[in-house]
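Fold and geometry: a report
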Amino acid sequence: MLSLSQRSEKVAPSSTLAITAKINTMQAEGIDIVKFAAGEPDFDTPEYIKDAAIESLRNGFTKYTPVPGITELREAIAEKFKKDNDLVFSPSQIIVSCGAKHSIYNILQAICNPGDEVVFAAPYWVSYPEIVKLADATPVIVETTADENFCMKPEQIESVISDRTKAVIISSPGNPTGTVYDAPTLAQIAELALNRQFYVISDEIYEALLYDNLKHQSIASLNETVREITFVVNGVSKAYSMTGWRIGYTAGPEKAIQAMSRIQSHSTSNPTSIAQIGALTALTESQEAVEEMRQAFEERRNVICQRFDEIDGITYAKPQGAFYIFPDVSAHYGRRIHGKTINGSLDMTAYLLDNARVGVIPGSASGADNHLRLSFATSLEEINSGLDRIKEALTY
Ligand SMILES: *Cc1c(COP(=O)(O)O)cnc(C)c1O
């Protein structure tokens, strides 16, 4: 066969997709599986959002739009930043892309040169290392632990900064850990970024899903100078249950946003016209549905934590946001359980799928092999029956 690009060969296939495929195959065979593998809300998109998109489709809103998104949507996003985050951006500092993943992809394409370094924490969202590599840059990973609530300490970031550091990515509330960075830590990271001159990429896709009365703080809102070196990434996927619509957005330094727009103009052009109408409706209509879903997630978080408390040999940091729990199951490693030796998160994932009929994601996909990721974007009934099964499988 003719050769493929080095770029394509250094990108790892998504290990979460492989597990999901196995779960789906087993389900298709009629096996009853409790799934905690989803990376998306289980709710349907609210009806009024669908209606607005359907109407725009019927009205013929089916053509190319401006590359960075329609003006009305960028104005609505600017308004959202002002209202929710105390951030003032003009529509020219905002670009809408095909999901927040695409936003991060475009940012790194716009700022990285070969050999540049991009710093982020492990456990990480599976796509960060690969999106960095696709920009010919090098991931620099800062290991964090449950004791520190999986937050990078500013000293840790400082110790890995080099001449080549181009950006740090902060995921708060985070996937896979539900971590939320507190304001003093954000301030210290911002100061470091300003002193040592690198960008901050603030992935705020789970902003709407915070628990225990926590309030979201964007690092960009600390002060004007921080805002000038920060890309704020957000979108409608997680807050409005709109993952399939593929609408994410970035606000940031105008020159960089223009560069992203040039890149986007030669790849996807604009985000889908009718999905932009859906996103516009989501951002501008009542936010009641978001709060209802948030409350459902908080209740589920409480239940899954209680249920994990009943299982020996599992510890976890209580998630403060998003819809994942990231328990440490390594106390069970090296042991023989029902005839199988568990030597890591992949073994544990396979064991739970085969023996307990429970689908989870191995921590190794996030660079943390001692852990599993369970999404609680599923019903209380499923959470309870799944945790019954896990408890039984790990009682031996
Ligand atoms: C889901 C997710 C995204 C991207 O979501 P899109 O559907 O592409 O908007 C970005 N970052 C994290 C941490 C996520 O979990």
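Just above, that's the structure.
Residues numbered from 1 in each chain as written. Predicted model: local features only at pLDDT ≥ 70, side-chain atom pairs only at ≥ 80, totals over all residues. Heavy atoms only, no water.

What follows concerns unusual backbone geometry. The omega torsion across S172 and P173 is -5°, close enough to zero to call that bond cis. Tracing the backbone through its elements, the reader meets P173 in the loop between β5 (165–171) and α8 (183–196). Each neighbour pair has its own omega, and for N175 with P176 the value is 15°, a cis peptide bond. With respect to the helices and strands, the residue P176 is situated in the loop between β5 and α8. Non-glycine residue N149 carries a positive phi angle of around 55°. Tracing the chain through its elements places N149 in the loop between β4 (138–143) and α7 (154–160). What makes N149 partly exposed here is its relative accessible area of 22%. Of note in this structure, H338 is not a glycine but carries a positive phi near 45°. Examined against the element boundaries, H338 turns out to sit in the loop between β10 (336–337) and β11 (340–341). (Helix = DSSP H or I, 4+ residues; strand = E, 2+ residues; numbered from the N terminus. Buried < 20%, exposed > 50% of the residue type's maximum accessible area, 1.4 Å probe, protein only.)

What follows concerns the nonpolar core. In this structure, F36, L108, I201, I304, M348 and L374 are the most contacted members of the largest nonpolar core, which totals 62 residues. Considering every element that reaches this core, the biggest residue donor is helix α12 (residues 288–309), with six residues. Shared between two domains, this core takes at least three residues from each, and those domains are domain 1 (6–44 + 289–393) and domain 2 (47–284). With near-sequence residues (within four places) excluded, M348 lies in contact with V329, H332, Y333, I342, L372 and L394. Residues I49, L73, A239 and A251 belong to the second largest nonpolar core, which totals 28 residues. (Core = buried A, V, L, I, M, F, W, Y, C linked by side-chain atoms within 4.5 Å. Domains from an automatic or database assignment. Contact = heavy atoms within 4.5 Å.)

Strands sit in the order β2-β8-β7-β6-β5-β3-β4 across an open sheet of seven strands; the sheet is mixed. Either end of the sheet is taken by a strand with one partner, and the two such strands are β2 (94–97) and β4. Strand-to-strand twist in this sheet, taken as the mean axis angle between neighbours without regard to direction, amounts to 20°. Where β2 lies against strand β8 (residues 248–251), four bridges are found, and the strand directions are antiparallel. Looking at the pairing, V96 lines up with Y249 of β8. Lying on the sheet, helix α4 (residues 71–85) is in contact with β2, β7 (230–235) and β8; it crosses β2 at an angle near 115°. Where helix α5 (residues 100–111) meets the sheet, it contacts β2, β3 (117–122), β5, β6 (199–203), β7 and β8, and its direction lies at approximately 160° from that of β7. (Pairing = 2+ DSSP bridges. Axes fitted to C-alpha atoms, helices over the stretch in contact; angles between N-to-C directions.)

This paragraph deals with the packing of helix α2 (residues 15–28) against helix α13 (residues 345–356). Put simply, α2 and α13 touch, their axes get as near as 12 Å, and they point 10° apart. Judged on the interaxial angle alone, α13 and α2 are roughly parallel. Judged by residue contacts, I19, K22, I23 and M26 of α2 engage T349, L353 and D354 from α13. Considered class by class, the residues forming the contact of α2 with α13 number four nonpolar, one polar and two charged. (Parallel < 35°, antiparallel > 145°, perpendicular 65-115°, else oblique. Nonpolar A, V, L, I, M, F, W, Y, C, P; charged D, E, K, R; others polar.)

Under the counting rule described, the total for this entry stands at 13 aromatic pairs. A centroid spacing of 4.9 Å and a plane angle of 50° characterise the contact between F323 and Y324, whose relative ring orientation is tilted. Taken together, F43, Y206, F297, F323 and Y324 form an aromatic cluster joined through their ring pairs. Positioned above the aromatic ring of F89, the side-chain terminus of R227 is 5.5 Å from the ring centre. (Phe/Tyr/Trp six-rings, centres within 6.5 Å; stacked < 30°, edge-to-face > 60°. Lys NZ or Arg CZ within 6 Å of the ring centre and 35° of its normal.)

It is worth spelling out helix α6 (residues 127–134) at this point. Burial analysis of α6 places six of its eight residues in the buried class, which makes it a mostly covered element. Check the buried side of α6 and you find it contacts α1 (6–10), α5, β3, β4, β5 and β6. One or two residues past the end of α6 sits D136, with phi positive at roughly 60°.

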